[in-house]
Each structure stands twice: as structure tokens, then as C-alpha cells.
Amino acid sequence: MGGVSDAVQWWDESQLRFLVLASLGIQYFLTVFAVGRKYSVQSWFRFTIWLSYLGNDALAIYALATLFNREKKLSYSDGSRDLEVLWAPILLMHLGGQVFITAYNIEDNELWTRHIVTALSQVAVALYVFFKSWSFTADNKLLAAAILLFIPGILKCFIKPWALKLASFNSLANSFDLAERTTAANREEELQKYVQEARTCVLANDNTLSDSTDLYMPEMLFVDFAYTYSRRLTNLKSFCALDDGEAYSKLQIGLSDIFDLLYTKSKIISSGGDCTSRDWGGCLTWCLNVLVPTAATILVHNSHKKSYKRDDVAITFVLLYSTIVLEFFSMAIMSAFEFEWPDTVAQWSIFGKIAHNKQHDKLKILATCLRCKDLLDQHWSMESCHSSKNITMLARKHVQDGWKDYIRDAESYREFNDIRGQWTLEREGCHGRLNWSLEKPFDESILLWHIATDLCFHHMDASPVYDQPSREMSNYMMHLLVANPEMLMPGSRRSLFAIACNELEAILKGEEDTLMEEDKVAKKVIDKVKSAQDTSTKDTFIYDASVLAEGLMDLDGEKMWRVIQGVWLEMMCFSAGRCRGFLHAKALGSGGEYLSYVWLVLAQSGMETFPERLQRTKKLLFSAI
């Protein structure tokens, strides 16, 4: 029993040291790795960031509670109590969090009032612990150091909820200029005027018409505000003034800045250690976070350290110096690195999934038994591609071609924003044969064209110009249907994927031992469907997709891939224009969706966005009664 009691006593004496050092470790982890949320990192790493984000507060609060309880349990005959109480304001600084993470999910911003109440309680506890535990016979230099450390500690505790408030939906909406009143008596005429001016701008192709610095940052779009026609025209002129490289870089920086605005303290503390590049509030905050702990460290150095435990003295200096270094480190990262948004495009293939199931049959059976097969299917994905710039510039060219060759007036402008493959079929002369596939609900059209694209890829010669971007767009849109259907289009049904998978498995029944690769699965499907005689096979998504693929393969190779690429471009733009800005903002917190690039291209190129589409008006003709 003596060994157990000794161990318990040792833990009572040492647990506070472990807690404060663990809290410090989490601060450094979040400073270095929290920015990784901008990228498509592994799920286990994202989970580690989330766990650290939650554990940050939990550890610091537990350490404060332990500090409060130690007075009743320990005698402090060695006089270390005063030194340990000095850790309370440092724990408050930990509770305030780091520059690179204030919210993990966008919903956290809406809870800013709760965080204010939490900050008040945390500060109250820390002050109570300090006044209750501090010995008034202690060294006055330690007292002065503690008072100094409470200044940045309390400040950081309240900066976090303030940053959350500034990033909340209502605060962002109220931060814009006062809304402009519509003066036009006839909105149709106003749209007609805008269309003519915008088309003239694109046809002129004059890069001197506008300066790219006139391009509005897209904050308004993320809170579902509609641009006025004048602002839309300004954006179009500025975006046209950019070459492809500059335009893509603008989009990357825009997405990165929105992430910083929504999920970090950038609204309060701007980049860099240079005060001229920030507002006075940010400069003052940084100075307090660095200079005050430095002054406190000097005071502790000049205090009577020999009267305290050596371990406690060492930990105190580790905390003080690490706090100062952490602030410099954070500012150095913000100054030295400009984080552009990643260029990855998520990929998902139904044939790849079937082949994966064949290779991991036991895992599939286990997931089915545990009733988590659907969850496993959603989180399975292929390796992402890095063709974001290429596809984005294809989308940009598609919109420019629309201004030049399709849009003539207000009505054709609205039509262009509603096409989802029909224009490509019409231009290529195959509207009559293939248009049936686009008349179905949008999510069903996505599924049919995805399967047909894969069937064409594995049965026809590849086109070096068209096949790769076509497949990548196909796989990405399928990814949206499976993993993020609310962004694909409101009302999209994820269950369609499960239905198609079941149909494939039924068609391929008996082929389990031979189909381990994606191309073999695709080729076997065509053979099976062609030889099928029963109506149950013909009344399936797989059969319809096979018919569509055969219609595409009747075209010559180059034309076939040109049609496939054009349809996918139109469907991707159709989807992007029907996704709420809030969903794009929400997706940024988990690495973002590539669809946000296309969405910004449409907005900056003068196309309709979701709120503008909802505000369409049409003159009604009432017949006489």
C-alpha cells in the first residue's frame, strides 16, 4: 500500500507540471499545424487538429482547477506555491488560443456569445485562484510579473470571442457598405443594359479597360449577397484584364483570405510583424503579447528563485520563454508565408469503388455487419488530382465563349446560366440522340454521365487533350454526389449511388474472383449489358448509362471527348451557380471544395449566382376575366 500511496502523492505534486507543459505543447502544435486545415490532409491528421482544438481549453481549465485545489492538499513548505500561481495568467493566454485557429467549424462563429460567457468565467476563476492562493509575503517582483502577465492573458481570452463575432454571419453582412437602392423602374431593361455592356467588354478583349485592382473581394458572396449590376460589370472588366495565371492566383488568394477571415484571428491581427501593415489594434495586441511577457520574464529572473523548487523554476522559465517565442513564431509564419489555396480536385469513381470492394471483400462484409457500409463508402475516395488550374481555366473559357457566342440579350443570359450540357450537344450536332440523358433530374444525369464517361474511357482510344480533364470533372462531380450532395444541388440524393452500386454488383455477380481492376470492371459491364435479355437489367441506371455510352462511342474519338468535356463543364457551372455561399464557406473549414473555384469564376465573370437567381422577376400576363 505504501507504494500506491507514494505514487498518488507523487502525482498530486506533479500533475500540475504535466498539465501546463501539455497545454504549452498543444499551443505549439496548433500554431504549426492548424494551417493544415487549408489543405486536403488525411482524415486522421484533421482529427488530431480537432482533438487539439478541443483539448486546448480542457487542459487549461483542468490545470486552473488543479491549481485552485492544491492549496488544500499541499503544505507548500518549500514556498513553491507563489511560483505556481504565476502560471495562472499563462494558462489564460493558452485559453485565448492561437492566431491560426479560432473556429474549427463555421457554426462555432455563431456561438460567440457563449464564448464571451466562457471567457468571463475563465478569467474570474484565474483571478480568484490568484488572490486566494497568493502569499502576500512573497517576492514583490513575482507579484509584478503576475500582474503584467494577466494583461495579455485577459486580452487573449476576449480576443477569441471577438474574432468569432466578427466572422459570424450577421457581422459579416453588416460589415459591407450600405445596400444600394435599385432606382430602375424596369429591372428587365436594367439587365438588358448590363448584358450589352458586359458583352461589349468581353468582345473588345481590351486589357486596358480596367485595372485588376478594381476586382472586389468575394466576401459578399459567402453571405449570399447579390452583386449590383454596376459592381458585377466592374468585376467582369477587372477579371478580363487578368491572364490565366493571374486570374487563378487571384482566386486562390481570395479563397485563402476568406478562410483566414472565417476561421482565424486575421480580422483582428493582420499579417506580419510590421505595424504599418496592420491596424493599430492588431499592432497593440502583438506588442502586448510580446513585450509584457518579456518584462515579466526579466522580473522573474531578478526574483529570489533559490527559495523555490528547482523543477518549478525550470518550468516557469520554459513557460515564459516559450510564450514569447510562440508569439514571434506565429508572426514569422504570417509574415514569411503567403498561403494560397490548394489546387487539388477530389476524385471518386463508381467502377473504382466496385474494384476496391472486390479487393477488400472481407472489409466490406465487416462494414455491412457493423451497419456502417454507407459511412465507409462516403469516406472512400481515389487519390485527388492536381488539375485545378487547368479545369478552372476551361470554365473561364466556357463563360467567355458564352458571352461571345450565346448571350445576346437578357433572355439568352438567363438561358446560358441554366444550361447543363444542352449547348454542347447542340453545337456538336448530337442534341437529338443524347439530350434525353439531360432531361432527367440533375443528380441522375450526373450518375449516368459519370458511368458513361468511364465506359468510354475504358473502351475507346484516349484523347490527350480532352479525356483527362473530362474524367477528372466526371470523378469530381461524382464525389460531390456521394460526399457533399448539398453542394451539388439542393435536393441531390446520395442514395442514387448505393442503388447504382447494387445494380453493378448484381450484373457482375459470379465475377468476384477476376474483377480486381477498374478497367476490367468497365469492360465486363458493357459485355454483360449487351447480352442481357431480362427487363430487370434494362430498367437500371447501368443500362441507361450503357446506352448513353454507346451513343457517345458512335461519334469519332476526338468529337466524343469534346462532347463529354463540354457537357461536364456546363454541368459543373450549373451546379456551382446553384450552391449557397454559406455552403462554400462551410466547406473551407474542412479543406474546401473545388467547386468554389468555379463558383468564383462565374461570379467574377458576370454570371448569375444563387441569390441573383432567386431574385429573378418575370412579367406576368393575366388574362381578362
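Residues numbered from 1 in each chain as written. Predicted model: local features only at pLDDT ≥ 70, side-chain atom pairs only at ≥ 80, totals over all residues. Heavy atoms only, no water.

Section: the overall build of the protein chain
Step number 1: Helix and strand counts for the protein chain come out as 31 helices and zero strands.
Step number 2: Buried residues in the protein chain amount to 53% of all 625 residues.
Step number 3: Across the protein chain, the fraction of contacts at a sequence separation of at least 24, relative to all contacts at a separation of at least 6, is 81%.
Step number 4: Accessible surface, the protein chain: about 28,300 Å² in total, of which carbon and sulfur atoms supply 57%. (Helix = DSSP H or I, 4+ residues; strand = E, 2+ residues; numbered from the N terminus. Buried < 20%, exposed > 50% of the residue type's maximum accessible area, 1.4 Å probe, protein only. Contact = heavy atoms within 4.5 Å. Areas by Shrake-Rupley, 256 points an atom, 1.4 Å probe, with all protein chains shown as cover.)

A look at the environment of Met-334
Step number 1: By secondary structure assignment, the location of Met-334 is in helix H13 (residues 310-336).
Step number 2: For the pair formed by Met-334 and Val-99, sequence separation is 235 residues and the distance between their alpha carbons is 9.2 Å.

Considerations on a nonpolar patch on the surface
Step number 1: Nonpolar side chains collect at one region of the surface, where Val-32, Phe-33, Val-325 and Phe-329 lie side by side and expose about 300 Å² of accessible area between them.
Step number 2: Within the residue set of the nonpolar patch, elements represented by two or more residues are helix H1 (2-33) and H13.
Step number 3: Inspection of the secondary structure puts Phe-329 in helix H13. (Patch = residues over 30% accessible without salt bridge, like charges linked within 9 Å, V, L, I, M, F, W, Y side chains within 5 Å. Salt bridge = Lys/Arg side-chain N within 4 Å of Asp/Glu carboxyl O.)

A word on the packing of aromatic side chains
Step number 1: Summed over all chains, the structure comprises 25 aromatic pairs.
Step number 2: Centre to centre, the rings of Phe-259 and Trp-341 are 5.7 Å apart; their planes meet at 50°, and the pair counts as tilted. A residue pair is termed long-range when its members are at least 10 positions apart, and Phe-259 in helix H11 (residues 244-263) and Trp-341 in the loop between H13 and helix H14 (350-359) qualify at 82 residues. Accessibility assignment for this pair places Phe-259 and Trp-341 in one class, buried.
Step number 3: Lying across the ring of Trp-423, Arg-427 places its NZ or CZ 3.9 Å from the centre.
Step number 4: Above the face of the Phe-457 ring, Arg-471 is positioned so that its terminal group lies 4.2 Å from the ring centre. (Phe/Tyr/Trp six-rings, centres within 6.5 Å; stacked < 30°, edge-to-face > 60°. Lys NZ or Arg CZ within 6 Å of the ring centre and 35° of its normal.)

Looking at the side chain of Ser-330
Step number 1: Tracing the chain through its elements places Ser-330 in helix H13.
Step number 2: Exposure remark for Ser-330: the relative accessible area of 0% places this residue in the buried category.

Digging into the pattern of salt bridges
Two side chains that carry opposite charge are able to pair once their charged atoms sit near each other.
Step number 1: Taken as a whole, this structure holds 18 salt bridges when the rule is applied.
Step number 2: In this structure, the salt-bridge partner of Asp-260 is Lys-38, at a minimum N-O distance of 3.2 Å. Here the residue Asp-260 occupies a position in helix H11, and Lys-38 occupies one in the loop between H1 and helix H2 (43-73), the gap between them amounting to 222 residues.
Step number 3: Exposure remark for Lys-38: the relative accessible area of 2% places this residue in the buried category.
Step number 4: A salt bridge links Arg-580 to Asp-224; the shortest N-O distance between them is 3.0 Å. Residue Arg-580 is located in the loop between helix H28 (557-576) and helix H29 (581-588), and its partner Asp-224 is located in the loop between helix H9 (219-222) and helix H10 (229-240); the two are separated by 356 residues in the primary sequence.
Step number 5: Look at the salt bridges and you will find they share partners, linking Asp-418, Arg-578, Glu-608 and Arg-613 into a network.

Quick look at the side chain of Glu-472
Step number 1: Tracing the backbone through its elements, the reader meets Glu-472 in helix H22 (residues 467-483).
Step number 2: The buried charged residue Glu-472 lacks any salt bridge partner; its closest oppositely charged side chain belongs to Arg-471, at an N-O distance of 8.7 Å.
Step number 3: Ignoring anything within four residues of it in the chain, the contact list for Glu-472 reads Gln-347, Cys-385, Ser-387 and Ile-391. (Lys, Arg positive; Asp, Glu negative; His and termini not counted.)

Topic: the confidence of the model for the protein chain
Step number 1: Averaged over every residue, the pLDDT of the protein chain is 84; residues scoring 70 or more account for 84%.
Step number 2: A low-confidence stretch, residues 271-278 (pLDDT under 50), is modelled with 16 contacts involving residues beyond four sequence positions or located in other chains. (pLDDT = per-residue confidence, 0-100.)

What to know about the nonpolar core
Step number 1: Among the nonpolar cores identified, the biggest contains 119 residues, and Trp-403, Trp-449 and Leu-552 are the most heavily contacted of them.
Step number 2: Of all the elements, H28 adds the most residues to this core, at twelve residues.
Step number 3: With sequence-adjacent residues up to four places away left out, Trp-403 is seen in contact with Tyr-194, Val-195, Ala-198, Arg-199, Val-202, Leu-236, Tyr-413, Ser-605, Gly-606 and Met-607.
Step number 4: Counting 38 residues, the second largest nonpolar core, distinct from the first, contains Leu-16, Ala-63, Leu-86 and Phe-150. (Core = buried A, V, L, I, M, F, W, Y, C linked by side-chain atoms within 4.5 Å.)

Details of the environment of Arg-494
Step number 1: Mapped onto the secondary structure, Arg-494 falls in the loop between helix H23 (485-488) and helix H24 (495-507).
Step number 2: Considered as a pair, Arg-494 and Leu-481 are 13 residues apart in the sequence and their alpha carbons are 5.8 Å apart.
Step number 3: At a separation of 2.6 Å, a polar atom in the side chain of Arg-494 contacts the main-chain carbonyl oxygen of Val-482. (Polar contact = N/O pair within 3.5 Å; in protein donor to acceptor, adjacent residues only side chain to side chain.)

Notes on the packing of helix H21 (residues 442-459) against helix H27 (residues 541-553)
Step number 1: Across the interface, H21 lies against H27 with an axial gap of 8 Å and an inter-helix angle of 55°. Here H21 is positioned oblique relative to H27, judged by the angle of their axes. The two elements H21 and H27 cross, and the hand of that crossing is right-handed. Where H21 approaches H27, its residues Glu-444, Leu-447, Leu-448, Trp-449, Ile-451, Ala-452, Leu-455, Cys-456 and His-459 are matched on the opposing element by Phe-541, Ile-542, Asp-544, Ala-545, Ser-546, Leu-548, Ala-549, Leu-552 and Met-553. (Axes fitted to C-alpha atoms, helices over the stretch in contact; angles between N-to-C directions. Parallel < 35°, antiparallel > 145°, perpendicular 65-115°, else oblique. Left-handed = near helix turned anticlockwise from the far one by under 90°.)

Brief notes about unusual backbone geometry
Step number 1: Non-glycine residue Asp-224 carries a positive phi angle of around 60°.
Step number 2: The class of Asp-224 is buried, set by a relative accessible area of 16%.

What about the packing of H28 against helix H30 (residues 595-604)?
Step number 1: Where H28 meets H30, the closest approach of the two axes is 9 Å, and the angle between their N-to-C directions is 85°. Of the possible angle classes, the one that applies to H28 and H30 is roughly perpendicular. Residues Met-572, Cys-573, Ser-575 and Ala-576 of H28 touch H30, and the partners they reach there are Leu-595, Val-598, Trp-599 and Leu-602.

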